[in-house]
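# Architecture at a glance
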Amino acid sequence: MSRTPFIVRFLGATPKQGWIAIAIAAAITLVLLPALHLLVPASSPFHVSAYVITLVGKIMCYAIVAVAMDLIWGYTGILSLGHGVFFALGGYAFGMYLMRQIGRDGSYQSDLPDFMVFLDWKALPWYWTGSDSFLWSLLLVLVVPALVALVFGFFAFRSRIKGVYFSIITQALTFAAMLFFFRNETGFGGNNGFTDFKRILGHSITAPEMRVTLFALTAAMLLGTLVLGRYLVTSKFGRVLAAIRDAESRVMFIGYNPLHYKLFIWTLSALLCGIAGALYVPQVGIINPGEMSPANSIEIAIWVAVGGRATLVGPVLGAFIVNLAKSFFTVAFPEYWLFFLGALFVVVTLWLPDGVVGLWRKLRNKGVAA
Amino acid sequence: MTAHTIDREQAWEDSTSIGHPLVQGEVDLSHNVILYLDNVTVSFDGFRALNALSLNIDAGELRCIIGPNGAGKTTMMDVITGKTRADRGKLFFGQTIDLRRMTEAEIAHAGIGRKFQKPTVFENLSVFENLELSMKMDKRARVSLFAWLDDDARDKVADTLRLIRLDGEAGRPAGLLSHGQKQWLEIGMLLMQDPKLLLLDEPVAGMTDDETARTGELFKSLAGKHSLVVVEHDMAFIEQLGGVVTVLHEGSVLAEGDLATVQNDQRVIEVYLGR
Ligand SMILES: Nc1ncnc2c1ncn2[C@@H]1O[C@H](COP(=O)(O)OP(=O)(O)OP(=O)(O)O)[C@@H](O)[C@H]1O
Ligand SMILES: [Mg+2]
């Protein structure tokens, strides 16, 4: 038998219905919604507003994070409560570029970002070198979150830190990072972070074309993440991850080194979060240390739990359900949002251990049986 | 990690310099001993679970280990497979492989397979997948990312499925098997690794008489090509296996010999059989 080429296997991991769903999602996000936003006049009932494009774009960034979280939590059994830090690092890495693109259009008309002028800094700190280059910034987006994850993961997994201890130190990680970024001297704008962006590659960031481009890129990234995730979890690598989740010591006694498996999926997960963060910042127009707050990372886990762990599609649904509810509540009854979120989490934990996808499967099986 | 490699290379050179023909990565059985424990001590908070234990297992041997609860039988397997570290003593696999310097995964790769007292299979994976993952192959992460199950591998899994009589259950999640079937699956996982030495901790616990007898036949057919160390309380099963019996008590060897000799040993009767 001839060996199947890798690309065939990669694409074959997603079943036919999956590809059909992806094609439909792509048609909607890459063609339909952009066209309805750009080409249909605002007076028409079919016009899609900037608000909707930005909201859906933002939630798709969260959905990428949720899928990344699912790879490490749902499929490998490692609950990270610090994934917000990787998202924020990706956001900051690209935010530096956005700050430099403001040029002299800031309030102080200086070459330096406003917050540096305010702090009376005379020159850019060394780590801002190259931040005016788009490509260098993309490189930072890919490398910085992944590198932090790699180093952190190496020490944590090598010391065999597991379960709730791991979750707690990831909370500590994101909390420490938040405090670090809060400091003005750190050189990332302190508690205000970065905002007032003007341009990407010289084009206005508020132009509808730019909005739609970022939206489409995010959609493509999300769909790509799902295809990659599907390949990983159906590969032998993915079966070893599931085995680690079930009985890690058994995995060692049959000759696998779980460290390498965990480190790879952990770092990949962080990398995906970093990319999501970089797509998020230009769409919402701000990044500040609040993104690293421990509660933010916990919320990521809630998206995954609500949608259904170890299902890939579930986390995407979870991210949409929770964040659409959040947009509704924060407008209608802002003071009740956290109560609602808490209640949702309790309900899911007690009655829907496999989330909405699990519920749907159960109903469908009943339907088949009846 | 590098330290291990260097040390092992050193051990390899030392042994070649004293004249052993040796292929690196192969177990050196030139003295016909596959497992050598000398004066091994393990203590937990001052309590000696293993107390200067010395034991030799010959290549191809089928050895039974008996002893009262808490005698240290499981701890002995923990120490051999790297799960627990010895405080003192020597632990060699063949003539040259120093087990004390190796990680669990390295020990497994060297050719020691283990079945746990409490059967542990991957509950959420299918029976087939449990065997597939156990198969002897390159187990590095970057290889697994691109690994592809070929027909040869499928055949191997199918053979083992038949041997452990689970061919009808290949697609079921392992968590749904009966206790006895899980024991068989774990034995199958062990066979897929094709280890030179098999450590089996109470392999027939929870099996029916019929299943027990079949397990005995299987183990006897494996001896010779593999070496087996079987820990059991079931005397009929031990009788069926034949072979040398070692009695452990309070972390060291109390008696050793064929079953009849051991059963007539006064001290053995006192601490174990007579109760
Ligand atoms: N991790 C540990 N920490 C503390 N004590 C331990 C540990 N593991 C084993 N022991 C103790 O060491 C002694 C030997 O235990 P071991 O499990 O090796 O006995 P065993 O011969 O396998 O008994 P059984 O027939 O009940 O399986 C016991 O007294 C046990 O309580
Ligand atoms: Mg025991």
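Whatever comes next refers back to the structure up there.
A few points on the structure. (Residues numbered from 1 in each chain as written. Chains lettered and ligands numbered in written order. Predicted model: local features only at pLDDT ≥ 70, side-chain atom pairs only at ≥ 80, totals over all residues. Heavy atoms only, no water.)

Looking only at helices and strands, chain A features 14 helices and 4 strands. The C-alpha radius of gyration computed for chain A amounts to 21 Å, which stays within 12% of the reference 21 Å derived for 370 residues, consistent with globular compactness. For the C-alpha atoms alone, the extent of chain A along its principal axes is close to 65 × 55 × 55 Å. Burial analysis of chain A (370 residues in total) assigns 51% to the buried set. Sequence-distant contacts, at least 24 apart, represent 77% of the contacts inside chain A between residues at least 6 apart. For chain A, the accessible area works out to roughly 17000 Å², and carbon and sulfur atoms hold 70% of it. Both charge centroids of chain A, one from 26 positive and one from 15 negative side chains, sit 17 Å from each other. (Helix = DSSP H or I, 4+ residues; strand = E, 2+ residues; numbered from the N terminus. Rg over C-alpha atoms; globule rule 2.2 N^0.38 Å. Buried < 20%, exposed > 50% of the residue type's maximum accessible area, 1.4 Å probe, protein only. Contact = heavy atoms within 4.5 Å. Areas by Shrake-Rupley, 256 points an atom, 1.4 Å probe, with all protein chains shown as cover. Lys, Arg positive; Asp, Glu negative; His and termini not counted. Charge placed at Lys NZ, Arg CZ, Asp CG, Glu CD.)

When you go through chain B residue by residue, the secondary structure sums to 11 helices and 10 strands. For 275 residues, the compact-globule estimate of 2.2 N^0.38 gives 19 Å, and the C-alpha radius of gyration of chain B, at 19 Å, lies within 12% of that figure. Taken along its principal axes, the extent of the C-alpha atoms in chain B is 55 × 50 × 35 Å. Expressed as a percentage of its 275 residues, the buried residues of chain B come to 51%. A fraction of 66% describes how many contacts in chain B between residues 6 or more apart in sequence connect residues 24 or more apart.

All names here are of chain A. For helix α11 (residues 294-307), which comprises 14 residues, the first-to-last C-alpha distance of 21 Å matches the rise-based estimate of 20 Å (1.5 Å per residue) to within 8%. In terms of burial, α11 is largely enclosed, as 11 of its 14 residues are buried. For α11, the set of buried residues is Pro-294, Ser-297, Glu-299, Ile-300, Ala-301, Ile-302, Trp-303, Val-304, Ala-305, Val-306 and Gly-307. At the exit of α11 stands Gly-308, carrying a positive phi of roughly 125 degrees. (Expected span 1.5 Å × (residues − 1).)

Look at helix α7 (residues 163-182) of chain A: 29 Å from first C-alpha to last across 20 residues, which is about the 28 Å you get at 1.5 Å a residue. Residues of α7(A) that are buried make contact with α4 (83-101), α6 (134-158), α10 (258-284) and α11 of chain A.

Coordination of the magnesium ion (ligand 2) by the protein is provided by Thr74(B) (OG1) and Gln117(B) (OE1), with metal-donor distances spanning 1.9 to 2.2 Å. Placement of the pair is Thr74(B) in helix α2 (residues 73-80) and Gln117(B) in the loop between β6 (112-115) and α4 (127-134), with a sequence separation of 43 residues. (Donors = N, O, S within 2.8 Å, 3.2 Å for Na, K, Ca; no water.)

Residue and element names in this part refer to chain B. Across the sheet, 6 strands lie side by side as β6-β7-β8-β3-β9-β10; this open sheet has mixed pairing. Among the strands making up the open sheet, the edge pair consists of β6 and β10 (252-257). If you compare each strand with its neighbour and ignore which way they point, the axes differ by 20 degrees on average. Bridging between β6 and strand β7 (residues 197-201) involves 4 bridges; their strand directions are parallel. By the bridge assignment, Lys-115 is partnered in β7 with Leu-200. (Pairing = 2+ DSSP bridges. Axes fitted to C-alpha atoms, helices over the stretch in contact; angles between N-to-C directions.)

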